[in-house]
Amino acid sequence: MMNSPTVLVTGATGTVGSALIPALRSRGATVRAMIRNPGRPIPGVQNVVADLRDRASVTAALKGVDAAFLNSPSAPDAAALQILFADAARDAGLNRLVLLSQYAARADSPVRFLRWHAEVEAHLQRIGLDHTVLRPNLYLQALLGFAGTIAQGWFGAPIGDAAVSAIDTRDIADTAAVVLTGTGHTGRIYTLTGPRAVTHGQIAQALSAATGRDIAFHDTSADQFTAALTGILPPWQLDGLVEDYAHYARGEAAEVHTSVPDLTGRPARDITDFARDFAPAFRPA
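Remember, it's a predicted structure, so these values are computed and weren't measured experimentally. Sequence order sets the numbering: in each chain, residues are counted from 1 along the sequence as written. Confidence filtering applies because this is a predicted model: local features only for residues at pLDDT of at least 70, side-chain atom pairs given and counted only at 80 or more, and all residues used for totals across whole chains, interfaces and linings. As a rule here, side-chain values come from all non-hydrogen atoms in the structure, and water together with hydrogens is ignored.

A.B. asks: Looking at this structure, how should I read the overall build of the protein?
C.D. replies: The secondary structure content of the protein amounts to eleven helices and nine strands. Atoms counted for the radius of gyration: C-alpha only. Globule rule: 2.2 Å times the number of residues to the power 0.38. Over its C-alpha trace the protein gives a radius of gyration of 19 Å, about what one expects of a compact globule, namely 19 Å for 285 residues. To sort residues, take the accessible area from a 1.4 Å probe on protein chains only and compare it with the maximum for the residue type: under 20% means buried, over 50% means exposed, and anything in between is partly exposed. The buried share of the protein, reckoned over its 285 residues, is 52%. In this analysis, two residues are considered to be in contact whenever any of their non-hydrogen atoms come within 4.5 Å of each other. Relative to all contacts within the protein whose residues are 6 or more apart in sequence, the contacts with residues 24 or more apart total 76%. Surface accessibility of the protein: about 12,200 Å² in total, with carbon and sulfur atoms responsible for 52%. Charge counting treats Lys and Arg as positive and Asp and Glu as negative, with His and both chain ends excluded. Every charge is mapped to an atom, namely NZ of Lys, CZ of Arg, CG of Asp or CD of Glu. Computed over 24 positive and 26 negative side-chain charges, the separation of the two mean positions in the protein equals 6 Å. Under the scheme used here, helices are H or I runs from DSSP no shorter than 4 residues and strands are E runs no shorter than 2 residues, and both carry numbers assigned from the N terminus. Working definition of accessibility: Shrake-Rupley area with a 1.4 Å probe, residue cover restricted to the visible protein chains.

Here is the structure:
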């Protein structure tokens with residue numbers, strides 16, 4: 001293990017970043033959180049105001065760090081922004097970059113997000129930066145986006161009875177913390193999944209058991225799903241999400257990988273763990 005490295009965390013206020021910060025601190029790392037809003041600093045860590053679109057601010061943020069965690073921004077030009085960061089990191093002489101990619105990332109995927117991630121992975125290969133790739137599957141925390149209807153007793157998605165080895169984002173964070181502070185991960189690609197593949201029907205059962213309420217899963221068409229989210233998500237994100245779900249529905253995201261227990265030394269969290277820990281979010285207000 002490196003002696004208390006300084007780690008720059010991009011996307012520090014996001015779902016993975018916010019869990020990564022305490023995971024890094026518990027491993028003795030000094031955390032530098034990259035934030036965009038100076039009025040909302042993250043307590044207990046170094047804060048640096050920077051934007052992926054501003055190369056000078058990124059270069060300043062990278063000054064004096066040992067490793068960086070590169071999260072995907074929620075933007076239609078996410079790949080280009082990550083590539084800009086990678087180039088700045090290489091030019092700053094960064095020792096290690098850990099990239100948050102996605103399960104099944106590949107250049108010829110019909111899913112735009114998977115093509116974007118593959119593009120960034122390929123760029124890191126080309127520029128020769130010491131890096132490790134994490135490819136997590138569907139986030140269990142994505143269920144929090146359905147909390148409004150789940151509180152009413154149901155949720156819907158265009159996935160049928162396909163199983164997905166969905167992962168708790170806390171396990172992504174714990175794994176990233178190990179890779180960022182340890183050695184022996186150069187050039188590795190770790191696919192991160194939960195301990196089993198679950199259907200959305202099984203997810204509904206776990207949420208029912210944890211909340212003590214009847215929660216049903218309704219298989220919806222892609223058109224119904226799109227109609228429900230139109231105006232909530234920007235069109236590029238919604239179209240990409242529909243592609244993601246079509247990929248899940250084809251059964252392409254059901255494999256279980258052991259990277260989480262292999263790297264963290266403990267089992268990956270199950271849907272039952274997630275449902276228990278987040279039950280209050282799914283009950284009526």
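The rest of the description comes next.
A.B. asks: Whenever I open this one, empty space enclosed by the protein confuses me. Can you help?
C.D. replies: Cavities and pockets are found on a 1 Å grid laid over the protein atoms alone: a cavity is a set of points where a 1.4 Å probe fits but cannot escape, a pocket is an open set with protein on both sides within 12 Å along at least five of seven lines, and a lining residue has an atom within 4 Å of such a point. Grid points are joined across faces, edges and corners, and a volume is the space filled by probe spheres set on the points. Counted according to the given criterion, the structure contains one cavity of 30 Å³ or more. In terms of lining residues, the largest cavity is bounded by Leu138, Tyr139, Leu140, Ala142, Leu143, Phe146, Ala166, His200, Ile203 and Tyr245. Broken down by class, the residue content of the lining of the largest cavity amounts to nine nonpolar, one polar and no charged. Side-chain classes are defined by residue name, with Ala, Val, Leu, Ile, Met, Phe, Trp, Tyr, Cys and Pro counting as nonpolar, Asp, Glu, Lys and Arg as charged, and the others, Gly among them, as polar.

A.B. asks: I would appreciate a short explanation of the environment of isoleucine 215 in the present structure.
C.D. replies: Position of isoleucine 215 among the secondary structure elements: in the loop between helix H7 (200-211) and strand E9 (216-219). Judged by its relative accessible area of 8%, isoleucine 215 is buried. As for isoleucine 215 and leucine 94, which are separated by 121 residues in sequence, their C-alpha atoms are 48 Å apart. If near-sequence neighbours (up to four positions away) are discounted, isoleucine 215 is found in contact with Ile150, Gly153, Trp154, Phe155, Ala204, Leu207 and Ser208.

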